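Fold and geometry: a report
Okay, here's what each chain looks like letter by letter:
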Amino acid sequence: ETAASTAELLIPVCTSGDTRLELCPLDEVIYCDPVSLVDVASEEIAGKKMSHSGISYDMARALGIRSLRSHMASSEELEFDQLGQHEPLTLRLKNILREYQDDSGIFKELIQNADDAGASEVCFLIDWRRHPCSTLLSPGMKQCQGPALLAYNDSVFTEEDFQNIAKLAARTKETELDKIGQFGLGFTSVYHITEVPSFVSGNDIVFFDPHTTHLGDHIRNQSRPGIRINLFKKSHVITTFRDQFSPYKDVFGCNMDDGRPFRGTLFRFPFRAVEQAKRSEVKNEPYDRKRVTRAIQSLNSVACELLLFLNHVKSVSLFELQERAKHPRVMKQLLGIDLQQLDLRLESPFCISRSKLLNECKDTVLTGKRSSVSSTSASIVDISVAHEKELPLSRRWLRCACISRHNQSAGHIAQGEDGRQRECMPFAETAVELKLTGNSWMPHPTKGQVFCFLSLSQPSGLPFHVNGCFAVSSNRRGLIWHDAEIDKRDSDTFQQDWNSCLVQETLVLAFLQMLQLFQRVCGSENIATRAFAIWPDRILVSNSIWTLFTSSFYDSVFQTASKVMCTANSMQWLHVKDAVFLSNSAQSLPHSEALMSQLYHKYVEVPEFVKVALFRSNEAGMNRLCVSDVTLVKLVFGDDNQEIHRDVKYDLATELLRQFLEESNRQRLLPVLQNLAFVPVDAVDDCFRKPTDLIYPDCIAAKCFSPAEGRFPLQRFRNRLQLAALLDLGMRKDNNFTWDDCIERSENAESLCRLSACNSDQCVDRANRVLRLMEHVEKEKHRYITAAQKRRLQKVMFLPVMTDRPNCYPKEMDWYGSKQTPPIACALSLFRETSKYLVGSGQLVLDSRVRLSVVSTILNVCNKPPPNIIVDHLMLALDFRRQHAADTCIGKMVVDILQALGKHEQDGSLPIDKFLDRIGDRPWIPVEHYLVKPCQLAFDWPWKLLRVTPYLFQVPYELHTIKPFLQKSGVQDRFTKDDFVNVLRQIFKEFRSKRLPENALNCVHTILSQVIASWSRPERMRLRGDLEVPLPSTQEELFLASQLVYDDAPWIEALSNQKTVYVHERISRLLAVDLGVRPVRETFLQNFSTSLSWSPFGQHENLTQRLKGILEGYPFGEEILKELLQNADDAKASELRIIYDKRNYKRKRVFSEGWAELQGPALCVFNNKPFSDEDLDGIQQLGEGSKQNDASLTGQYGIGFNAVYHITDCPSLLSNAETLCIMDPHHRYMATEQTPGVRIDVSSEIWKTFSDVSDSYNSFKHLQLKGGTLFRFPLRTEKMARKSEISDRVVNDAAVKGLLAEFQRSAKDMLLFLRHVRVLTLEVVDERGRVSERQEFKATIRYAPASKQKSVSLDEAIATIKTHR
């Protein structure tokens, strides 16, 4: 329908009581939504009538009827004004956000807008609360009641601001030169985080809804997606839609209920939820906690510089309000940034304030007037930053701002036609960080950033920050420049030229003024060097525009009258043309800066990069201002410069020599240094000589003369290269000394030693000098020594004697040289130092510090003493050793002596028989701390860690070189086994009935555990009987092995025989057994042999193989049990029980360690007749039992009994509860060496001691063991079968059950012809000791009256077998 026709419609409306039908025009009707507003709706609301209830919401909206919610809000629709080509609003916003991809920059954009609005304070709140959703402007606003970012500033929107904020992509700052970018393109960056931004300012609240889906009916025109509500003209809106305004309540003082305008502006940006992101046409990414954290971190990273160049904002705060918070006053501060400007009392031209300078610049551009005030402003500001979890941080900055005048390039451009049209401001500013150094604030370099009042996030490479009214890209990412990455629409040639002019001129002027400020603001301490730290370095700048700035700055240093350089000594500020600098050649000299400061009062010390830049700017001028190295050197070593410290001259002379050695400097420096007294000499302080006046210090003649003559270079000038340089410069070198000169110098040395009573060190020094001279002369091939000259030299007493005994020489032993005074001798009476241990107590030895070859070649000092002198010295050493056994040095000396004697014996100069006769029976070979005889030594020692001292030793490694000599003296190649056994017997003899000392005990253990233990078992077992060895007891005494026992049963109480001695616990069980030590269990049982009738027991034939052959005739099956039944009947037992005992008994308190294997499941057989002595004898026979003399017996305990070895390896029986018989064919469990079994007469004490064994026999409570016999056959396990020599059959549970089942089937038939057994019972005892299965067979015999007597006499009967289960 057309709008005209729709407007003519008449709509039914509500009437009182609905008693009549009333129709009204459509534009006079509203419909009620939501239902909650019915209470506030009357029949007429502000001249409107409510539509009839019969008209649905959908129909009302289709007809264009306005809703009650929209009517009550009475909002003014806001239209987004779009520039450029028209496109959908959401698509336009999406394209804009691509330019502002970093959502963390939202804080900066909002601070920028606040500063442009003149606000001094900005606060942010991250509100995680979720607010009520009942009374909202529209149901679609429910999605905006969750977490949000709120931004407050203390300025109020003007009507122009309301218009500007709705202008999409407009650059509204272009008409206000002092504005950074108020509500222009950058504000749209908030759509990174929200779908519906809103704000309160003054009397109004504004909502933007680019999608037109959240405000519902309030957006009646899609091209006007925003509303503005005057809250104080429509106060009922606040009460009606209270939930809609609850997120603002009491946040930063915003209270809409008090009826007063809000004195500030509060933005709210609900974070884009997941559901909103799915439907969003602007950005389809939700804004979650992770992104909030990233934005906070971004703000923290720029906090220290954020407010540095802003015009109005002095404080920025960031708060957080948790989700469960009840009131905004509990918000927690995360960040606080405050800027405080200090009172800087400066004289002209810096006295004007920064704000005044900006206003002056603006007026000049807009009006074209010439400025009447200063063009420079300076200020110091402190920026303090407080983080939630960090210590407060404060940084001080020195700012210097400057504007270009009309007669300067930037000012001329700004006042030109293009400049006025674009309203360019020739304003630039620098900021340098100040740090407290000592008592002064000094400039400190920082990583320079580019600012257009706010940081552009563009590094400059300068050591300071720069700010200016630059032409920047639309997204504020950087300056518009030809090599910058900018949008094509920003590529304006004028803007590039403007930036170039502003950087080269205005910014350079600002920095020059900054440098001049240092002399007023900073202290004098170190300012000369500190100031250059913030000078720009061309290498470090980031792109060509800042390279342009650097070049312009250094050009301006020469061209302007600015005094920007400070002298190093007087702290005088100079123009560059008045300064003096070091040349590159002079700069390489040590202390050049200090010398320049001392010699030139206008010297300025500059860094290398500054000097390079100045040379690039004005090379000719810098060459005139620089001092060369030659000029500086002549000044330093001139006669008039005595005040320069000698150490400085020393370092300078060192460097001059080094440079002279370089080929490039040699010809230039040669004429200068040859005639310059620059070389310091020895023994004379502050004396410098020309190179031509010096003598080469390492020449032979020089070494023999005193340095007091001052003819030798100072010691620090005597390295190889320095001496080479001095030789090239003319230093003399004497090569003309002869042998006569050597004789004269040696006699002079003797005279000096005798006259001045020189000590040993002085004698050595003089002798060495002469000897070096001789050595040098000897090397000269044309200088031969005559025989007469040689004899004369050998008789001169100038060689030093070793007066102090060597370090390793015995301390109390005489040293012959200590008696020589003065400590010198001739060559014919001396021995070389290498012979000191061979002759030192009877002959003179040459001092060890004399080590020149001429001693042996010319002077022929003896190096190999004859054997008779060495043997004499050995006898002295052995006599000394007997008196001073604790001296450890004597052993090494004797080793050296023996090595020398061994060499003499090898070459035939020492007969071995005569030597041994001289030595006699005394020990004379050193080993460790002992002297031993040859019989105690052997060369081969296979045990690396074996020590048997002081009984047996290995020949020390150092004596292996004289092995033939020692072998001829009686040393063995290796020890025999008997040698070690004899050591044990020797110790036993030495310490019989005494406690062994620790060394002897360790020796015994070593032999046993490392030597004897390594023998084979047969070899060890040989040491029994007459050859048995002693072993240590627990009391550390030695006993023969047969006298000791080892403790294999610690639970056994103390033996009644107190003489029992236990073997030492360090002796292994196996070794003890092999050597004849008995186990304590065996000893315990033997102690009862007299009272308990212990006797050997077992089958006497060859066992395991014989039994294995027997089993081949007895197959595994029911015949095994039949044999046992037969034996019971022959024993005249009336009852037989076969019990399968599945229990595993404890294995600790048993007869032996091997017995533990028998404590498992077993087949037990019980009959009610005890064993007789004949039975006990018969069961021990293989092939014949006790039945052979009794024809009435079927086969009692004969060869058939051995069938049980199919089941077990160790059968046993308990007879009459008092006799325990154990058969052990393998000798593993209980057998003795003589017999394969034992018989024990048990008692309560036996059972108590071996309680675990007792349990396996006495746990059958239903059996009367007294008067009966219990057989126990432990089942052969897999482990037992592997080592069994009788049978490899494993008897498991299935095998036993099969055996019982087979026997059970024929059990009743077996009773038919038995004479005595009447009851046969089969039982299974489970693991818990309960009888789980039981079968009983009984046989009853009834006799006829006439045949009873006959049956008894013939022992015949007719049996009637009745089986009872």
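Computed from a predicted structure; not experimentally measured.

A few words now on the overall build of the protein chain. Of regular secondary structure, the protein chain possesses 48 helices and 53 strands. Within the protein chain, the proportion of its 1365 residues that are buried is 53%. Long-range pairs, those at least 24 residues apart, make up 70% of the contacts in the protein chain with a sequence separation of at least 6. As displayed, the protein chain has an accessible area near 63,100 Å², and 48% of this comes from carbon and sulfur atoms.

This part covers the confidence of the model for the protein chain. Parts of the model with low pLDDT should not have their predicted coordinates read in detail. Of all residues in the protein chain, 87% have pLDDT values of 70 or greater, and the mean over the chain is 82. Mean pLDDT across the elements of the protein chain bottoms out in helix α40 (residues 1089-1092) (34) and peaks in strand β9 (residues 121-127) (96). Long-range and interchain partners of residues 169-178, a stretch whose pLDDT sits below 50, account for 33 contacts in this model, where long-range means more than four residues apart. Here residues 1351-1365 scores under 50 on pLDDT; set against residues more than four positions off or in separate chains, the count is 29 contacts.

What follows is about unusual backbone geometry. Here Thr-821 and Pro-822 are connected by a cis peptide whose omega angle stands at -15°. Of note, Pro-822 is situated in the loop between β31 (799-800) and β32 (824-825). Cis peptide bonds are those with omega within 30 degrees of zero, and the linkage from Thr-949 to Pro-950 qualifies with 5°. If you trace the backbone, Pro-950 turns up in the loop between β35 (937-940) and β36 (953-954). Of note in this structure, Thr-212 is not a glycine but carries a positive phi near 55°. In this structure, Thr-212 sits in the loop between β13 (204-208) and β14 (226-230). When its relative accessible area of 15% is taken as the criterion, Thr-212 is described as buried. One non-glycine residue, Ser-993, adopts positive backbone phi at about 60°. With respect to the helices, strands and loops of the structure, Ser-993 is situated in the loop between α35 (977-990) and α36 (998-1011).

The periodicity of an α-helix, 3.6 residues per turn, causes residues three or four places apart in sequence to face the same way. With 17 residues, helix α26 (residues 739-755) should cover 24 Å at 1.5 Å per step; its first-to-last C-alpha distance of 24 Å lies within 8% of that length. Residues of α26 that are buried include every one of Trp-739, Cys-742, Ile-743, Arg-745, Ser-746, Ala-749, Glu-750 and Cys-753, and no others. Down the axis of α26, the buried set is contained in an arc of 165°. They therefore lie on one face. Each element contacted by the buried residues of α26 is listed here: α27 (760-779), α28 (787-795) and β32. Downstream of α26 by one or two residues, Ala-757 has phi in the positive range, about 50°.

Moving on to the packing of helix α14 (residues 493-521) against helix α16 (residues 544-559). Remark: α14 packs on α16, axes separated minimally by 9 Å, with the N-to-C direction vectors making an angle of 50°. In terms of their interaxial angle, α14 and α16 are classed as oblique. Judged by the sense of rotation from one axis to the other, the crossing of α14 with α16 is right-handed. Within the contact between the two elements, α14 uses Asn-499, Ser-500, Val-503, Gln-504, Leu-507, Val-508, Phe-511, Leu-512 and Leu-515 and α16 uses Ile-545, Trp-546, Leu-548, Phe-549, Ser-552, Phe-553, Ser-556 and Val-557.

Moving on, we get to the sheet that holds strand β41 (residues 1061-1062). One key point about sheets: their strands pair by backbone hydrogen bonds, in either a parallel or an antiparallel sense. With respect to topology, 3 strands assemble into an open sheet ordered β41-β40-β42, the strand pairing being parallel. Looking at which strands have only one partner, the edges of the open sheet turn out to be β41 and β42 (1078-1079). Summarising the sheet, strand β40 (residues 1044-1046) and β42 pair through 2 bridges and their orientation is parallel. Across the sheet, residue Val-1045 finds its bridge partner in β42, namely Arg-1078.

The strand order across the open sheet formed by 3 strands is β36-β35-β37, and the pairing between neighbours is parallel. With partners counted over all chains shown, the strands left at the sheet margins are β36 and β37 (972-974), one partner each. Direction of pairing for β35 relative to β37: parallel, over a ladder of 2 bridges. Its bridge partner lying in β37, Ala-938 is registered against Gln-972.

Here the idea is simple: oppositely charged side chains can pair when their charged atoms come close. Under the criterion given, the structure shown has 60 salt bridges. A salt bridge links Arg-668 to Asp-629; the nearest nitrogen and oxygen atoms lie 3.0 Å apart. Placement of the pair is Arg-668 in helix α23 (residues 663-674) and Asp-629 in helix α21 (residues 629-636), with a sequence separation of 39 residues. Among the ionic pairs, Glu-905 bridges to Lys-968, the shortest N-O distance being 2.8 Å. With Glu-905 in helix α32 (residues 889-906) and Lys-968 in helix α34 (residues 963-969), this pair connects stretches of sequence that are 63 residues apart. One network of salt bridges, in which partners are shared, links Glu-1135, Arg-1137, Glu-1323, Arg-1334, Glu-1336 and Lys-1338.

The next thing to look at is a nonpolar patch on the surface. Taken together, the side chains of Leu-10, Leu-21 and Leu-23 define a hydrophobic patch exposed on the protein surface, amounting to about 330 Å² of accessible area. With respect to the helices and strands, the residue Leu-21 is situated in the loop between β1 (10-13) and β2 (22-25).

On to the environment of Ala-114. Here Ala-114 is to be found in helix α5 (residues 106-116). Judged by its relative accessible area of 1%, Ala-114 is buried. In this structure, the C-alpha to C-alpha distance between Ala-114 and Ala-151, residues 37 residues apart in sequence, is 9.7 Å.

Structurally, Leu-1008 can be placed in helix α36. Residue Leu-1008 is classed as buried on the basis of its relative accessible area of 0%. For the pair Leu-1008 and Ser-1068, spaced 60 residues apart in sequence, the C-alpha to C-alpha distance is 9.4 Å.

Judged by nonpolar contacts, the single largest core of 76 residues is most densely connected at Phe-518, Trp-535, Trp-546 and Phe-581. If you tally residues by element for this core, the top one is α14, at 13 residues. Beyond its immediate stretch of four places on either side in the chain, Trp-546 contacts Val-450, Ser-460, Leu-462, Val-466, Phe-470, Leu-479, Val-503, Leu-507 and Val-541. In this structure, Leu-673, Phe-688, Leu-714 and Leu-773 belong to the second largest nonpolar core, which totals 72 residues.

A word on the packing of aromatic side chains. Counted under the stated rule, the structure contains 45 aromatic pairs. Among the aromatic side chains, those forming a connected cluster through ring pairs are Phe-464, Phe-511, Phe-532, Trp-535, Trp-546, Phe-549, Phe-553 and Tyr-554. Sitting above the plane of the Phe-660 ring, Arg-666 keeps its charged end 4.6 Å from the centroid.

Before going further, it helps to examine the pairing of β13. With 5 of its 5 residues buried, β13 lies for the most part within the structure. Here β13 shows a buried face lined by Asp-204, Val-206 and Phe-208 and a second buried face lined by Ile-205 and Phe-207. Sheet analysis places strand β12 (residues 198-202) next to β13, joined by 4 bridges and oriented antiparallel. Each residue of the ladder has a partner; that of Val-200, found in β13, is Ile-205. The hairpin turn running from β12 into β13, its antiparallel successor, is 1 residue long. The pairing of β13 with β14 spans 5 bridges and is classified as antiparallel. Paired with Phe-207 across the two strands is Ile-227, which belongs to β14.

Across the two faces of β2 the burial differs, with Glu-22 and Cys-24 buried and Leu-23 and Pro-25 not buried at all. Relative to β2, β1 is paired through 4 bridges, and the arrangement is antiparallel. Among the inter-strand pairings, Val-13 is bridged to a residue of β2, identified as Glu-22.

Glancing now at the side chain of Gln-244. Looking at the secondary structure, you find Gln-244 in helix α8 (residues 242-245). Other than its neighbours up to four places away in sequence, Gln-244 contacts Thr-135, Leu-136, Leu-137, Met-141, Gln-145 and Phe-207.

With that settled, consider the side chain of Asp-1074. Along the chain, the position of Asp-1074 falls in helix α38 (residues 1069-1074). Not counting residues within four places of it along the chain, the set of residues in contact with Asp-1074 comprises Arg-1017, Arg-1020, Met-1021 and Arg-1024.

Quick look at the packing of helix α31 (residues 867-883) against helix α33 (residues 912-919) now. The contact between α31 and α33 brings their axes to 11 Å, and the two run at 25°. One finds that α31 runs roughly parallel with respect to α33. Handedness of the crossing formed by α31 with α33: right-handed. Residues Val-871, Asp-872, Leu-874, Met-875 and Leu-878 of α31 form the contact with α33, whose participating residues are Phe-915, Arg-918 and Ile-919. Its residues assigned to classes, the contact of α31 with α33 shows 6 nonpolar, no polar and 2 charged.

Definitions and cut-offs
Residues numbered from 1 in each chain as written. Predicted model: local features only at pLDDT ≥ 70, side-chain atom pairs only at ≥ 80, totals over all residues. Heavy atoms only, no water. Helix = DSSP H or I, 4+ residues; strand = E, 2+ residues; numbered from the N terminus. Buried < 20%, exposed > 50% of the residue type's maximum accessible area, 1.4 Å probe, protein only. Contact = heavy atoms within 4.5 Å. Areas by Shrake-Rupley, 256 points an atom, 1.4 Å probe, with all protein chains shown as cover. pLDDT = per-residue confidence, 0-100. Expected span 1.5 Å × (residues − 1). Arc of directions from axis to C-beta. Axes fitted to C-alpha atoms, helices over the stretch in contact; angles between N-to-C directions. Parallel < 35°, antiparallel > 145°, perpendicular 65-115°, else oblique. Left-handed = near helix turned anticlockwise from the far one by under 90°. Pairing = 2+ DSSP bridges. Salt bridge = Lys/Arg side-chain N within 4 Å of Asp/Glu carboxyl O. Patch = residues over 30% accessible without salt bridge, like charges linked within 9 Å, V, L, I, M, F, W, Y side chains within 5 Å. Core = buried A, V, L, I, M, F, W, Y, C linked by side-chain atoms within 4.5 Å. Phe/Tyr/Trp six-rings, centres within 6.5 Å; stacked < 30°, edge-to-face > 60°. Lys NZ or Arg CZ within 6 Å of the ring centre and 35° of its normal. Nonpolar A, V, L, I, M, F, W, Y, C, P; charged D, E, K, R; others polar.

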